Structure formats: structure tokens, C-alpha cells
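Coordinates in review
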Amino acid sequence: MNCTYKQMMAVALAREIEDGKTYIIGTGLPLIGGSLAKNTHAPHARLIFETGILEGNPQEVPTSVSDLRLNYQASVLWPQFRYFGYQTLAAARGEIDAGFLGGAQIDPYGNLNSTCIGDYRHPATRLSGSGGANGIATYCDTVIIMKHEKRRFVEKVDYCTSPGWIDGPDGRARHGLNPEKGPRAVITQYGVFRFGEQDKRMYLAEIFPGISVETVLENTGFALDVSRAVVAREPSDEVIRILEEKVDPARLMT
């Protein structure tokens, strides 16, 4: 392979971004993916950040969503309370194509836990909580970035912080959520996972070169369909050059 697995994840994230559409981007690899998309196939994608910066055009990767490099060519610099109001209204109106999320646990239907490990009232570990993630998962399609470990990919999350497909194709509608919105993809160091049209259950769609199906299954805590998996397309040398020389020259995240 002509790149690292973190770079493959960044490229996979960038491929989820289409030109001219609007995305909520968070800290970490989503910043790399967003910057890479803007510098390659999606120069007119609109990236918005929870710190109140809208449509920034970072020329190299910011270190967080508060990094001033996000301000470059931004159309709006809002106080955070205005951003949260905008995000809720814009998402409810269908003006945001997808949000990028992470979590401590995920189940086969893309429900995320970032609240606690163990019983909510007596947790083994208390986590950071929702932030804006629940609002994003409620109203938008989502792309989820996770470290692939058996303790994270579980049959049932200890707490549902951000709803996925709940428990199947009718789950969101039964809970009063838009049934047309939900998890679109999960990206890990092993590949890209998607959700079945009929059952809304996670399956392995693309496996990164050099990763075995056995490795994926060994690190997944629930039954996973791998029959549809294809080997992910490697990025071109030009994409890797842009990633290494322009987007993340200090190799802070890749």
C-alpha cells in the first residue's frame, strides 16, 4: 500500500464529502478528511464547525475546531450559541448533508455511546457526553469514525447518546425521528462499513489492503456480514502528495 492506515482513513473520510454540499466537521481525522476534500475533488464543499466558524477553507490541517486556520475565507464567525441555533434549524430543514461523529461504543445499527461505560447511575467510566452529537445524529446523516476494537464494537451500547438506526428499518420512525436520515458509513483502521438497505444493520463494505477479514471479525463484538466486502481503492500518488505536503505536512494526525 502506498500510504498508512490513518491516511487511508483520511482518504475514506474525504470520499464521503461531495462538492457543493454542507458538512459538520469535528476535531481529529475529520479535519484531515475535510481539508483533503477541499484541496482535491470538493473545493466548493461547505465545512462548518461547532465553534461557530462556517465555510472555512483551511489550507493545511487545523489542530482543533478552535484553530484560527479554520477562519481562512470563512463566511461566518459566530459566537457558539448562535451556531447551535443555526445547526439545529439547518439540520431540521435538511440543509446539512452529513455530520462526522465518534464515540466510545457502537452497535450493529450505528447507535453511539459517548456518555458512560456500565450502568448510567453507577458507571465504571463516565465519558464526556453528547455535546452536539445527539442533535447531529437526530437530524442528519452521519459518518462515524471509530477505533476498531471488540470492546467498542458491541452488541448493545451501554447508553445511547446518539441514535443510529435504533434496532432496524422502522426504529427511527417509531421513536419520532426522520426515517430517511441515519448513519451512512463507519470508518475504522480496517475499512469502511455501511448499513443494509433492508435491515439497516452494519456490514463490511470495503476492507483496506493488507487487512484480513479474520482480523475484522476477531475485533468485532457482534455478528458482521463480510460477504459483500471489496478491497478499498488506494489513493493516487497525487492525493498522497497533497495530503503529506499541503494538508498535513507536519504529520500531526496521519
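Parameters at a glance
- Residues numbered from 1 in each chain as written.
- Predicted model: local features only at pLDDT ≥ 70, side-chain atom pairs only at ≥ 80, totals over all residues.
- Heavy atoms only, no water.
- Helix = DSSP H or I, 4+ residues; strand = E, 2+ residues; numbered from the N terminus.
- Rg over C-alpha atoms; globule rule 2.2 N^0.38 Å.
- Buried < 20%, exposed > 50% of the residue type's maximum accessible area, 1.4 Å probe, protein only.
- Contact = heavy atoms within 4.5 Å.
- Areas by Shrake-Rupley, 256 points an atom, 1.4 Å probe, with all protein chains shown as cover.
- Lys, Arg positive; Asp, Glu negative; His and termini not counted.
- Charge placed at Lys NZ, Arg CZ, Asp CG, Glu CD.
- Polar contact = N/O pair within 3.5 Å; in protein donor to acceptor, adjacent residues only side chain to side chain.
- Core = buried A, V, L, I, M, F, W, Y, C linked by side-chain atoms within 4.5 Å.

Moving on, we get to the overall build of the protein. Assigned secondary structure in the protein consists of seven helices and 14 strands. In terms of C-alpha radius of gyration, the protein reaches 18 Å, essentially the compact-globule figure of 18 Å for 254 residues. Seen along its three principal axes, the alpha-carbon backbone of the protein occupies a region of about 45 × 45 × 35 Å. Every one of the 254 residues in the protein was classed for burial, and the buried ones make up 52%. Here the contacts in the protein between residues at least 6 apart in sequence split such that 64% fall between residues at least 24 apart. Split by element, the accessible area of the protein, about 11,500 Å² in all, is 50% carbon and sulfur. Computed over 27 positive and 30 negative side-chain charges, the separation of the two mean positions in the protein equals 4 Å.

Let us now look at the side chain of N39. On the secondary structure map, N39 appears in the loop between α2 (29-38) and β2 (46-48). Given the relative accessible area of 17%, N39 is considered buried. From its side chain, N39 meets the backbone oxygen of S35 in a polar contact 2.8 Å long.

The next thing to look at is unusual backbone geometry. In the Ramachandran plot, I166 falls in the positive-phi region, its phi being about 65° despite a non-glycine side chain. Along the chain, I166 turns up in the loop between β10 (141-145) and α5 (171-174). On the basis of relative accessibility, which here comes to 18%, the residue I166 falls in the buried class.

A few words now on the nonpolar core. Nonpolar side chains tend toward joint burial in soluble globular proteins. Residues V186 and M202 are the most contacted members of the largest nonpolar core, which totals 68 residues. If one sorts the elements of this core by residue count, helix α1 (residues 5-15) sits on top with seven residues. Apart from the residues within four sequence positions on either side, V186 is in contact with I106, I144, M146, F153, G191, V192, F193, F195 and M202.

Fair warning: the whole summary comes from geometry, so function is off the table for now.
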